[in-house]
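Structural characterization, general
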Amino acid sequence: MEFNVVETKSFSKLSKVEKIEWLSSKYTDENLEECLTKFWHANPADQKIFDEFSENTLTNFYLPFGIAPNVMINREMYDVPMVIEESSVVAAASNAAKFWSTRGGFHTEVISMTKVGQVHFLWQGKKEILENFIQEKKESFFQALSPLTANMQKRGGGVTSLELIDKTHDIENYYQLYATFETCDAMGANFINSCLEELANKLTLWVKEDSRFNESNNTVKIVMSILSNYTPDCLVRAWVSCSFDELDDVISGMPGREYAEKFRTAVEIAQCDVNRAVTHNKGIFNGIDAVVLATGNDFRAVEACGHAYAARSGQYRSLSSVRLGNDRFTFTLELPLALGTVGGLTSLHPLSKLTLKMLRNPDAKKLMEIVAAIGLAQNFGAIRSLTTTGIQRGHMKMHLMNILNSFAASEVEVMKAKAYFTDKVVSYKAVSELLKTMREHH
Ligand code: MEV
């Protein structure tokens, strides 16, 4: 590859076409321009929406948008959009949804909706002075925030508490203003961060103005003000439950009770073994991320929080659990989900808007419930496959299709390849050889 030296300092100032030209001159042996421009939206006005989500945008990166149809959640039916590139995920969620639709469906409840933010700062003076000051000023802090919180308060949210936290046992002179928030149907990141920055400004200002603090070591040094994506009190639970008899048909010849015990052992393994727990939870996030992404929510925040929650006991464990009792099998997923149905990308991305519409414009609580149900469906589908046929059977079918598509296989070739691989291991090499043979003979 040949590299031309091109001025990069003001790359962000170039137009989109100029940026592509710049890259084309750098990657001279790639068909870069054609590859990038062919994924532009046909309608420039639509393309502009995508261009403006982020910076230095050149084109769109497509991911499949599918649905898990007929998911019964609290006795209501939903067709749940999922955005994911991995094969078998949507199929697993759909099959699990079908399985549970005749066994009462998914049940869900939101346990709490609290979000968190912190002003991290250093204070060298006596702790008691600071404690008294914060206590004294608490009302003033709330008042100072009222221009920012008025709208949110009208909707039933706002800042719900403000505490000083002593962190000097971790870092010398380190304290936090720890605030909790209710952000209604917004994920609330902007709202929380604006409130925190205002709290930090007022803290600095009021300490400076107060004559009790004119000794030089009585200064507040703000380090940073930022929401926490760890929201263990923004929690949702989803569960499915059926009698043992209703599991009789999962493995032919195995009574439902015995299968329930096998399933429970598989989940218990993910409770005690970190290697299994990570894969188990990854499967849960296959479903969760796909719906979070489709709704234009922040899947990185959801993932980071979910994994921290999974490790809250000091060991990383399964987010789901099984209870067997009174002749019933109950499978539960509990995890924090800080989601929004207003603001951010939810109202900008045309497919997120459509997704929310298909979900009957849920509020944030309802969306938490839908997402948790799909996470549980995914987990159930994965464990059911793992404890019965193994996952490769389903995976390989999809894998075979992906490989055949990469060779632009015809309908006849697809049919023959499917028949050929019913009892053989699918691999790229094996498929390419089969196609080669078929094409030679043809
Ligand atoms: C694959 O993306 C997800 C699974 O590995 C999850 C699991 O093992 O539980 C099938």
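Refer to the structure presented above.
The sections below set out a description of the structure shown in this document. Keep in mind it's a predicted model, so treat the numbers as computed, not measured. (Residues numbered from 1 in each chain as written. Predicted model: local features only at pLDDT ≥ 70, side-chain atom pairs only at ≥ 80, totals over all residues. Heavy atoms only, no water.)

1. Points about the overall build of the protein
Convention followed: Secondary structure elements are taken from DSSP: a helix is a run of H or I of four residues or more, a strand is a run of E of two residues or more, and numbering for both begins at the N terminus. Buried, partly exposed and exposed residues are distinguished by accessible area as a fraction of the type maximum, computed with a 1.4 Å probe on protein chains only: under 20%, between the cut-offs, and over 50%, respectively. Should any heavy atoms of two residues lie within 4.5 Å, those residues are considered in contact. We get accessible surface area from the Shrake-Rupley algorithm with a probe of 1.4 Å; when it comes to residues, only the shown protein chains can shield them. For the charge count, each Lys or Arg is scored as positive and each Asp or Glu as negative, with His and the chain ends excluded. By convention, charge coordinates are those of NZ in Lys, CZ in Arg, CG in Asp, or CD in Glu.
If you tally the helices and strands in the protein, you get 14 helices and 10 strands. Seen through its principal axes, the protein has C-alpha atoms that stretch 95 × 70 × 40 Å. When each of the 442 residues of the protein is scored for burial, the buried share is 44%. The contacts of the protein with a sequence gap of at least 6 include a subset with a gap of at least 24, amounting to 71%. If you sum the accessible surface of the protein, you get close to 23100 Å²; carbon and sulfur atoms cover 53% of it. Computing the positive centroid from 47 side-chain charges and the negative centroid from 53, the protein places the two 3 Å apart.

2. Details of the packing of aromatic side chains
To keep things clear, this is the line we draw: Aromatic rings from Phe, Tyr and Trp, with only the six-membered ring used for Trp, were paired whenever their centres fell within 6.5 Å, and each pair was classed as stacked if the ring planes differed by under 30 degrees, edge-to-face if by over 60, and tilted otherwise.
Under the criterion given, the structure shown has 18 aromatic pairs. Pairing Phe39 with Tyr62 gives two aromatic rings, centres 5.3 Å apart and planes at 65 degrees, and the pair type is edge-to-face. Here Tyr62 lies in the loop between α3 (44-51) and β1 (65-73) and Phe39 lies in the loop between α2 (32-37) and α3, a separation of 23 residues in the sequence. Take Phe39: its relative accessible area is 30%, and that puts it in the partly exposed class. Ring-pair connections join several aromatic residues into one group, and the members of that group are Phe99, Trp100, Tyr259, Phe263, Phe329, Phe331 and Phe380.

3. Observations regarding a nonpolar patch on the surface
What counts here: Exposure above 30% relative accessible area and the absence of a salt bridge qualify a residue for a patch, where like charges join within 9 Å and nonpolar side chains (Val, Leu, Ile, Met, Phe, Trp, Tyr) within 5 Å. By definition, a salt bridge exists where a carboxyl oxygen of Asp or Glu is found within 4 Å of a side-chain nitrogen of Lys or Arg.
On the surface, Phe65, Ile67, Leu351 and Leu354 cluster together into a nonpolar patch covering about 290 Å² of accessible area. Of all the secondary structure elements, the ones that give two or more residues to the nonpolar patch are β1 and α10 (350-358). One can find Leu351 in helix α10. Its relative accessible area of 37% is what places Leu351 among the partly exposed residues.

4. Here's the deal with the site of the ligand
The test is simple: One heavy atom suffices: a residue is near a molecule or strand as soon as one of its heavy atoms comes within 4 Å of it. A 3.5 Å cut-off defines polar contacts: any pair of N or O atoms within that distance qualifies, except that in protein one atom must be a possible hydrogen donor and the other a possible acceptor, and neighbouring residues in sequence count only when both atoms are side-chain atoms. Each residue gets one label: Ala, Val, Leu, Ile, Met, Phe, Trp, Tyr, Cys and Pro are nonpolar, Asp, Glu, Lys and Arg are charged, and the others, such as Gly, are polar.
If you check the shell around the ligand, you find Glu86, Arg276, Thr279, His280, Lys282, Gly283, Asn286, Ala382, Leu386 and Ile391 and nothing else. Arg276 places a polar side-chain atom, nitrogen or oxygen, 2.8 Å from an oxygen atom of the ligand. Lys282 is positioned with one of its side-chain polar atoms (N or O) 2.6 Å from an oxygen atom of the ligand. Bound to the protein, the ligand loses 86% of the 300 Å² it would expose on its own. Counting residues per element, the ones that place at least two in the shell around the ligand are α8 (274-294) and α11 (364-386). Examining the composition of the shell around the ligand, we find that 6 residues originate from one element, α8, more than from any other. The class makeup of the residues in the shell around the ligand is 3 nonpolar, 4 polar and 3 charged.

5. Description of the pairing of strand β9 (residues 320-325)
Defined as follows: Strand pairing requires that DSSP identify at least two bridges connecting the strands.
As defined by bridge partners, β9 adjoins strand β10 (residues 328-336) across 6 bridges and the pair is classed as antiparallel. Bridged to Val322 within β10 is Phe331. Once β9 ends, the chain turns through 2 residues before running back antiparallel as β10, passing Asn326 with a positive phi of about 50 degrees.

6. Topic: the sheet that holds strand β6 (residues 174-182)
Adjacent strands of a sheet pair through backbone hydrogen bonds, lying either parallel or antiparallel. Rules: Fitted lines through C-alpha atoms give the axes, limited to the stretch in contact for helices. The angle between two N-to-C directions lies from 0 to 180 degrees.
With antiparallel pairing, the 4 strands of this open sheet are ordered in space as β5-β6-β4-β7. Sheet topology places β5 (158-166) and β7 (220-228) at the edges, where each strand pairs with a single neighbour. Strand-to-strand twist across the sheet, computed as the mean angle between neighbouring axes with direction ignored, equals 20 degrees. Examined bridge by bridge, strand β4 (residues 114-123) and β6 share 9 bridges and lie antiparallel to one another. Paired with Gln118 across the strands is Tyr178, a residue of β6.

7. Re unusual backbone geometry
Excluding glycine, residues mostly have negative phi values, and the peptide bonds linking residues are mostly trans. A positive phi angle is found at Arg75, which is not glycine, with a value near 70 degrees. Tracing the chain through its elements places Arg75 in the loop between β1 and β2 (76-83). A positive phi angle, close to 50 degrees, is found at Ala408, a residue other than glycine. Residue placement: Ala408 occurs in the loop between α12 (392-406) and α13 (411-420).

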